Structures are given as structure tokens and as C-alpha cells.
Amino acid sequence: MTGTAATEIRQQVAQRGRPVYQLRNVTKSYGLGKIKALDPVSVDLREGSFSSVIGPSGCGKSTLLKVMAGLTPPTSGSVVLEGDPVMGPRREIGMMFQQATLFPWLTALENVMLPITIRDGKHAAKSQQDDARELLDLVGLSGFENVYPRQLSGGMAQRAAICRMLITRPEVLLLDEPFSALDELVRDFMNMELQRICTARNATAMLITHSIPEAVFLSDTVYIMSPRPGRLTEEIRIDLPRPRNLDMMTSPEFALYVRYIRSKLDEGAQV
């Protein structure tokens, strides 16, 4: 299959794919209900789609992702993955945070294998080392399997963390500002890598970000979240061709999306 054909199929899936993740009227409160983090949130993630949530600091973006990951239960509403309620962490869900959080006493390969080792035991995990090596090769880390985290750059550590997230073959990728600590050049490269990986695996992804250009570059759909209590106030479909390259970020079409989303965020800040 040519790259063009694969891209066209991914775009069709993103537009018409079956719902994989379904949230209905999800709320979250803390402190015996005194602090309301999320107003009712309802959203579907379709197979093969890439979505982003963008909003002001403290609006509940990370809380929403933690609820989706099963790390914290919703106060009300339902979170359903492949027809089953999400009641806690699940192997079908991969999550990546702002920091790589690699264990310093483990090699890159051992860090990637860690979820399998914890789940199945060290002996059983050896049978999947080839998969881990293929992932490291996918992100350009072939030859670094036996290197420790202190010997990796920030971007390389984040690529290893991507591999660790992918090793269990999750159906959904939940990404909480994974590249925010990286410099601009490395961040652009990592976004290109993430786009390539998601295309290669037809992954369904949800990204939390403060960067409007990053959201537009990566996403099929961008959701704008209001100030706390967070709710999704607008859904913006990004009609730009894939695969996307960095030159596209200087195009008039790209700039229009960025300006529109910025205007909506500014409106929300004045409410």
C-alpha cells in the first residue's frame, strides 16, 4: 500500500470510524463536592482519530484525562471503552505524561519492557523483547537498547517513553502534554514522530496541550475547554491533508485555524 493510500484510509477512518471511547455526562468534584473540576463532558473518540483538548491552566484538562485513563473515578457519568465501563487502569489504555519518568537503574530496553514485566513476569516478558526492539527502531533508538536514562537526551527519553506506552498495544493513547518540557526544535521533531507512529498503528489518540499550533498540527478534531469547572465548549474539525509537515505550519490555512482557536480561548477568558 502506498503512503498516499494509507493516509487516505486513515482520514476516512477518522471521519467515519466506529466510536472506541465514549464519555457521557462525566463530572468530577473534590472536597465533598465543594470543588467542581469538570462540568458534564460528553465526547466520542473514533477509531484512528487524533483529538486534542486545549484550554486555560487549571480548567480540568488533566483531570479529564485521568478520568479517561481510569486513574480517578468520575463523580457522575460514564466512561466506556469498547463497550465496557472503565473502572480502573486497563491494558487497552496507554498514557504518557509531561516527563518521561524512566527508571534510572533500568536500560532503555528494560524501561520499555517494564509494563510487560509487571504484568507477566520477567521470564515471560523475554518473549516480547523483539517487539520492544522494533518499537525502539521505529522511533530512531536502535542501538540505544542498553543505554541508561542519564545517557539519553530529553527527546530520546521521551521517545523511549512512547515505546513503553506502545508495548502493550493499547487501543487508545492518552497524552498529557508529553513534549511541553522540550525545546521548540525537539518538540517539533517529536510531534512529527508522534504523527508517524499514530499513522503506522492507526492509533486513537487524545492529547492535552497548551499549544494551539501543536493541537492544529496533530489533530483531526480540537476541543476547547472552558475555565473551571471545565466543559467542552466547541469542537473544531481540522481539515488539513495528511501526512502533515512542518512547512504546513506557515500556510494561510494553518494560520486561520490558529487564529480562530485563539479567539475562542480569548472569549472564554473574558467570561
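Structure: see above.
Treat the numbers as computed from the prediction; the structure is a model and nothing was measured.

Cut-offs used in this document
- Residues numbered from 1 in each chain as written.
- Predicted model: local features only at pLDDT ≥ 70, side-chain atom pairs only at ≥ 80, totals over all residues.
- Heavy atoms only, no water.
- Pairing = 2+ DSSP bridges.
- Helix = DSSP H or I, 4+ residues; strand = E, 2+ residues; numbered from the N terminus.
- Axes fitted to C-alpha atoms, helices over the stretch in contact; angles between N-to-C directions.
- Buried < 20%, exposed > 50% of the residue type's maximum accessible area, 1.4 Å probe, protein only.
- Salt bridge = Lys/Arg side-chain N within 4 Å of Asp/Glu carboxyl O.
- Contact = heavy atoms within 4.5 Å.
- Parallel < 35°, antiparallel > 145°, perpendicular 65-115°, else oblique.
- Left-handed = near helix turned anticlockwise from the far one by under 90°.
- Nonpolar A, V, L, I, M, F, W, Y, C, P; charged D, E, K, R; others polar.

Side note on the sheet that holds strand 8 (residues 204-209)
And step 1. Strand order in this open sheet of six strands is 6-7-8-3-9-10, and the pairing throughout is mixed. If you trace the sheet from one side to the other, it starts and ends with strand 6 (93-96) and strand 10 (232-237), each paired once. Strand-to-strand twist across the sheet, computed as the mean angle between neighbouring axes with direction ignored, equals 15 degrees.
And step 2. Two elements, strand 3 (residues 50-54) and strand 9 (residues 221-225), share four bridges in a ladder whose sense is parallel. Bridge assignment links Ser52 to a residue of strand 9, and that residue is Val222.

Some remarks on unusual backbone geometry
And step 1. Following Arg228, the chain continues to Pro229 via a peptide bond in cis, the omega torsion being 0 degrees.
And step 2. For Pro229, the position within the fold is in the loop between strand 9 and strand 10.
And step 3. Residue Pro243 follows Arg242 across a cis peptide bond; omega there is 0 degrees.
And step 4. Within the fold, Pro243 resides in the loop between strand 10 and helix 9 (252-269).
And step 5. Look at Arg169: it is not a glycine, yet its phi comes out positive at around 55 degrees.
And step 6. Here Arg169 is to be found in the loop between helix 6 (154-166) and strand 7 (172-176).
And step 7. Note on Arg169: relative accessible area 52%, which makes it exposed.
And step 8. One non-glycine residue, Glu177, adopts positive backbone phi at about 45 degrees.
And step 9. Positionally, Glu177 belongs in the loop between strand 7 and helix 7 (184-201).
And step 10. Glu177 sits in the buried class, given a relative accessible area of 11%.

Quick look at the pattern of salt bridges
Pairing is possible between side chains of opposite charge, provided their charged atoms come close.
And step 1. For the structure on display, the rule yields 11 salt bridges.
And step 2. Here Lys264 ties to Glu234 by a salt bridge, and the two come within 3.9 Å at their closest N and O atoms. Pair noted here: Lys264 is in helix 9 and Glu234 is in strand 10, with a separation of 30 residues, a long-range link.
And step 3. Between Arg237 and Glu235 there is a salt bridge, with the nearest N and O atoms lying 2.9 Å from each other.
And step 4. The class of Arg237 is exposed, set by a relative accessible area of 53%.

Remarks on the pairing of strand 4 (residues 76-81)
And step 1. Sheet topology places strand 1 (residues 19-30) next to strand 4; five bridges connect them, and they run antiparallel. Note that in strand 4 the partner of Tyr21 across the bridge is Leu81.

Structural notes on the sheet that holds strand 4
And step 1. Ordered by their spatial adjacency, four strands build an open sheet running 2-1-4-5, and the pairing between neighbours is antiparallel. A strand with exactly one partner marks an edge of an open sheet, and here the two such strands are strand 2 (35-46) and strand 5 (84-85).
And step 2. Where helix 2 (residues 61-69) meets the sheet, its contacts fall on strand 1, strand 2 and strand 4, and the angle it forms with strand 1 comes to roughly 120 degrees.

Details of the packing of helix 3 (residues 108-120) against helix 5 (residues 129-138)
And step 1. Where helix 3 contacts helix 5, the two axes come as close as 10 Å, and the packing angle between them is 120 degrees. It follows that helix 3 is oblique to helix 5 by the angle criterion. The chirality of how helix 3 crosses helix 5 is right-handed. Every residue of helix 5 that contacts helix 3 at Leu109, Val112 and Met113 is listed here: Gln129, Ala132, Arg133 and Leu136.
And step 2. Split into classes, the residues belonging to the contact of helix 3 with helix 5 amount to five nonpolar, one polar and one charged.

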